[in-house]
Amino acid sequence: MTHNPPRSDLPAQYDPAAVEAALSREWEDAGVFTAQPSRSRGSGGSRNPFVIVMPPPNVTAVLHMGHGLNNSVQDVLARWRRMQGDECLWLPGTDHAGIATQNVIEKQLAAEGRTRFDLGREAFVERTTAFVEATGGTILDQLRAIGASCDWTRTAYTLSPELSLAVREAFVQLHERGLIYRGHRVIHWCPRCLTSLSDEEAEHVDEMGHLYHIRYSTPGSETDGITIATTRPETMLGDVAVAVHPDDDRYQHLIGRTLLLPIANIEIPIIADAEGVDPSFGTGAVKITPAHDLNDFEMGKRHSLPMPVVISPDATMMNGADAGGRVPASLLGADRFEARTRIVSLLREAGQLEKTEPHSHAVRHCYRCDTVVEPRLSDQWFVKMKPLAEPALEAVRSGRIRILPERHEAVYINWLESIRDWNISRQLWWGHRIPVWYCDGCGETTVSRDDVDACPHCGGTTRQDEDVLDTWFSSWLWPFSTLGWPDRDSADLKAFYPTDDLVTAPEILFFWVARMIMGGYAFMGDAPFHTIYLHGTVRDMNHLKMSKSLGNGIDPLDVVALYGADALRYTVISGLGVGADLMLDPNDLARSFGPGRNFATKLWNIGRFLLANVGDDAVDDVESIDVSCFARADRWILGRLNVAISECDAALGPVRPRDGHWTEAELRAGLRLSDYAESARRFVWNDLADWYLESTKVRLATPGADRDVARAVLIHAFDAALRLLQPIVPFITETLWRRLPGGNGTREKWLAKAAWPVQNSVFGAEPEFELVREAINAIRQLRSDYAVTPGDVIAASLVTAGNANAELDRKIFSEEAAFIRRLARCDLSLAETESGEGASPTSGASLLLGSGSQILVPLAGLIDIPKESAKATRELAQLQKQLDSLTARLENPGFTERAPADVVAAERHKAADWMARREKLVLKVKSLCE
């Protein structure tokens, strides 16, 4: 790449569409983001590895704002560490998304009037594979459009042959360790997807339902009986007992007797169970339906009770095994909710429904299709989780892994402490087939890494298990399966495992994050990453989570088309507090992404002005210039650059834990991305553009050595600003950076790989230039306060009486008089004497500077003094009236002792603000009336 002449093709307006797509292709074609294992310390190289694995989006997904936020954060971290000299690998990929992808194809078939069973398994898988191959890379191309600096050569896919090999290896290893088993247990079942779900996939939703109080009578007695309260009357036909607490005096005489199950008219026993019954809750008695409730299932096992199934896989009423005709013919085939209505009606007619009352409770829904989940007894494969959870718990407790924001640590720990076994089998056709084979001849079961064509025990015909594995079973291997595991000699695995930061959303902390940690320890013997950054959620202005179903989403590509990828990225990063939600208005993209668009425009204008004024000649390196040659503005901007670098480093870091464990302070530090964005913005916009660039205009127009110094400092500062900003706004910074005049040394070909700025210890705070800035700001504020016509030049005098640094102040303001005149429209002269004799106006304003000097501004002839005096007097009187009322309120114990603490604090803060404003008005009135 050659650096173009600064002005030859730099248009007046920045056009993202003309830059971004082409630049993205250049980066990828040049291998800018391709990681090399040989350069990593893990493989004997000299660079620290820095690795992020992308949370793989569903293969059928398209980019939404959640993806835009998540991947912008990852990209900032990847670009930052790449510039720090790390061997950075950001590994992209997609997830085959078993349930979600199968749902897509089944909807297509439904539109054709067919089902998957009409096609058969093999044809269905072929059709799904073809669909994924045609559309599965869409979201990855969209991520390229927002500037994702992934190593696209390593794009992974959970259903690829390589990762499928890892899935089989993990299953077989866990089975060999006794951690995978097949069990007959109650699981969460989705009647729509016709598959089991894990605990995490069956999400709780608070709903208003009813609590039905049903009377179970005792045979042979009109008085004895028990009332049971339930929210699911349709399951009562599967009741096999009623349980009471053994110490409950109300029911002790009934233990061992029987009750008559309504509708079914069969006798069921009354049993005692201290573990499963709370005598203080409800009626103190619970019905036991072991095949359709997890807690009932556990009680059923304890008491060796039968477990009849009365609800079919599609959630219709049935008489399953051991049901014994419990479900009457009039209810067979009825949908569960229709059956509920009919059963309630039958109970009411029989006089067995004592009452119905509204009841709010949590109902589980399928996380993919939102269907109400049905607990159901089924044969499934499970992973024993408690042994796997122990090292994952210790990793967070010991500081090996940190979770940001830290409030999520308690949630993580609580979940792992009470974790239950993981149901990993799914009754789907799309996914990793469970590597288990059954022999129809001898009945043996074989778990194998390789396909089994003949039974190893008898040589008979085998058939593979029909189920597939939970999608998350492949995803929990992601940090190492994508690096070549189970091949322990994989160059990538040696160079890049463990990874560093995981960036994701809080809602998959259990689905994925915790399981990856367990998987890392189970298969690699170490945590898969050291930092978990859980960012906030993108919400609309009503605080609702953006979603396609609600119609309140924003398509990131629409934003890119309107304002560019940099505007999108700057908006989400600058608005992202640690763990805070990001608020955007889907009905007003200009309002939402205006900050990003405005910043890009400002940066472009700064670059155009700077490049137009520094010329095309090579510039000197700042480090080669003698310090005595720098003007006070030069020293100031270089000091401000040090501050910006320090603030950005502190906001982004620390990078990795010392000795494998974070210190207490480091556990909470870093990844304050909005602070990083603000520090970088403030330097380039406020310090560089508003002050230093203005200070150099005359110097740049005047040939000579001083011009060369100004050019060198200006290019150095802008170069550093572009480096600081590159992780956030990579396209515009790369475009401007390649047009900077070359220095005497060598320059990296790409800004994306250029070195991150480092502080220069020679330069610190520059109080002399700060004093000039203070004076200019004070004069500008005075002009605003008195509504001085913008074009009018005002006259003022510097008085240094009582200032120990009087001589220095007079020297500074004498040398900077022209600069002050340009920026403040003020002719600042030195008073004839240090006391200010001959300069004090009859009516004027006094501006006290931090050094002790004053600037006296005569107001006569500049403003209408009587008018302004009257106005200020009225404002003071009104403010005093309000302040008196507020003071009286704060002195009233009836308010301060009864009002909420935050309300009282807010009122006291308001009083302090008003008193400060009053003091300013008092001085203003005094100056106008003298």
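Residues numbered from 1 in each chain as written. Predicted model: local features only at pLDDT ≥ 70, side-chain atom pairs only at ≥ 80, totals over all residues. Heavy atoms only, no water.

A. Highlighting the overall build of the chain. For the chain, the count of helices and strands is 29 helices and 29 strands. Taken along the three principal axes of its C-alpha coordinates, the chain extends 115 × 75 × 55 Å. In the chain, which comprises 930 residues, the proportion classed as buried is 54%. The contacts of the chain with a sequence gap of at least 6 include a subset with a gap of at least 24, amounting to 76%. Averaging the positions of the 98 positive and the 127 negative side-chain charges in the chain gives two centres separated by 3 Å. (Helix = DSSP H or I, 4+ residues; strand = E, 2+ residues; numbered from the N terminus. Buried < 20%, exposed > 50% of the residue type's maximum accessible area, 1.4 Å probe, protein only. Contact = heavy atoms within 4.5 Å. Lys, Arg positive; Asp, Glu negative; His and termini not counted. Charge placed at Lys NZ, Arg CZ, Asp CG, Glu CD.)

B. Fine view of the environment of His543. You can see His543 is positioned in the loop between strand 24 (538-539) and helix 16 (556-563). Look at His543 and you get exposed, because its relative accessible area is 56%. Remark: the alpha-carbon pair of His543 and Met583, spanning 40 residues in sequence, is separated by 7.3 Å.

C. Structural detail: the packing of aromatic side chains. This model, assessed by the stated rule, comprises 25 aromatic pairs. Between the aromatic rings of Trp472 and Phe511, the centroid separation amounts to 5.2 Å while the plane-to-plane angle is 25 degrees, which identifies the pairing as stacked. On the criterion of sequence distance, the pair formed by Trp472 in helix 12 (residues 471-475) and Phe511 in helix 15 (residues 509-524) is long-range, its members being 39 residues apart. On the accessibility criterion, Trp472 (12% relative accessible area) is buried. Chaining the aromatic ring pairs together yields one cluster made of Phe171, Trp381, Trp422, Phe473, Trp476, Phe480, Trp485, Tyr497 and Phe523. (Phe/Tyr/Trp six-rings, centres within 6.5 Å; stacked < 30°, edge-to-face > 60°.)

D. View of the side chain of Arg340. Considering the arrangement of structural elements, one finds Arg340 in helix 9 (residues 336-349). A polar atom in the side chain of Arg340 sits 2.9 Å from the side chain of Glu234. When neighbours within four sequence positions are excluded, Arg340 is seen to be in contact with Tyr212, Thr231, Arg232, Pro233 and Glu234. (Polar contact = N/O pair within 3.5 Å; in protein donor to acceptor, adjacent residues only side chain to side chain.)

E. Just a negative patch on the surface, in detail. A cluster of acidic residues, Asp616, Asp617, Asp620, Asp621, Glu623 and Asp708, forms a negative patch at the surface. Within the fold, Glu623 resides in the loop between helix 18 (589-614) and helix 19 (632-652). (Patch = residues over 30% accessible without salt bridge, like charges linked within 9 Å, V, L, I, M, F, W, Y side chains within 5 Å. Areas by Shrake-Rupley, 256 points an atom, 1.4 Å probe, with all protein chains shown as cover. Salt bridge = Lys/Arg side-chain N within 4 Å of Asp/Glu carboxyl O.)

F. Just the confidence of the model for the chain, in detail. Residue-level pLDDT values for the chain average 91, and 96% of them are 70 or greater. pLDDT under 50 marks residues 836-842. Its contacts with residues more than four places away, or in other chains, come to 11 contacts. (pLDDT = per-residue confidence, 0-100.)

G. Fine view of the nonpolar core. Formed by 137 residues in total, the largest nonpolar core has its most connected members in Leu603, Phe718 and Ile855. Among the elements that take part in this core, helix 22 (residues 705-725) stands out by supplying 13 residues, more than any other. Sequence-distant contacts of Ile855, that is, excluding residues within four places in its chain, are made with Ala775, Ile779, Ala796, Ser797, Leu798, Leu828, Ala845, Ser846, Leu847 and Leu849. With 75 residues, the next largest nonpolar core counts Ala395, Leu493, Ile508 and Leu509 among its residues. (Core = buried A, V, L, I, M, F, W, Y, C linked by side-chain atoms within 4.5 Å.)

H. Inspection of the sheet that holds strand 15 (residues 402-404) at higher detail. Spatial ordering of the open sheet is given by 15-23-22, a layout of 3 strands whose pairing is parallel. Two strands lie at the open edges of the sheet, namely strand 15 and strand 22 (501-504), each paired on one side alone. Neighbour-to-neighbour, the strand axes of the sheet open up by a mean angle of 15 degrees, direction not taken into account. When strand 15 meets strand 23 (residues 531-534), the two strands line up parallel, connected through 3 bridges. Residue pairing across strands places Arg402 opposite Thr531, the latter belonging to strand 23. Across the sheet, helix 2 (residues 65-83) lies against strand 22 and strand 23, angled at about 160 degrees from strand 22, the strand it touches most. (Pairing = 2+ DSSP bridges. Axes fitted to C-alpha atoms, helices over the stretch in contact; angles between N-to-C directions.)

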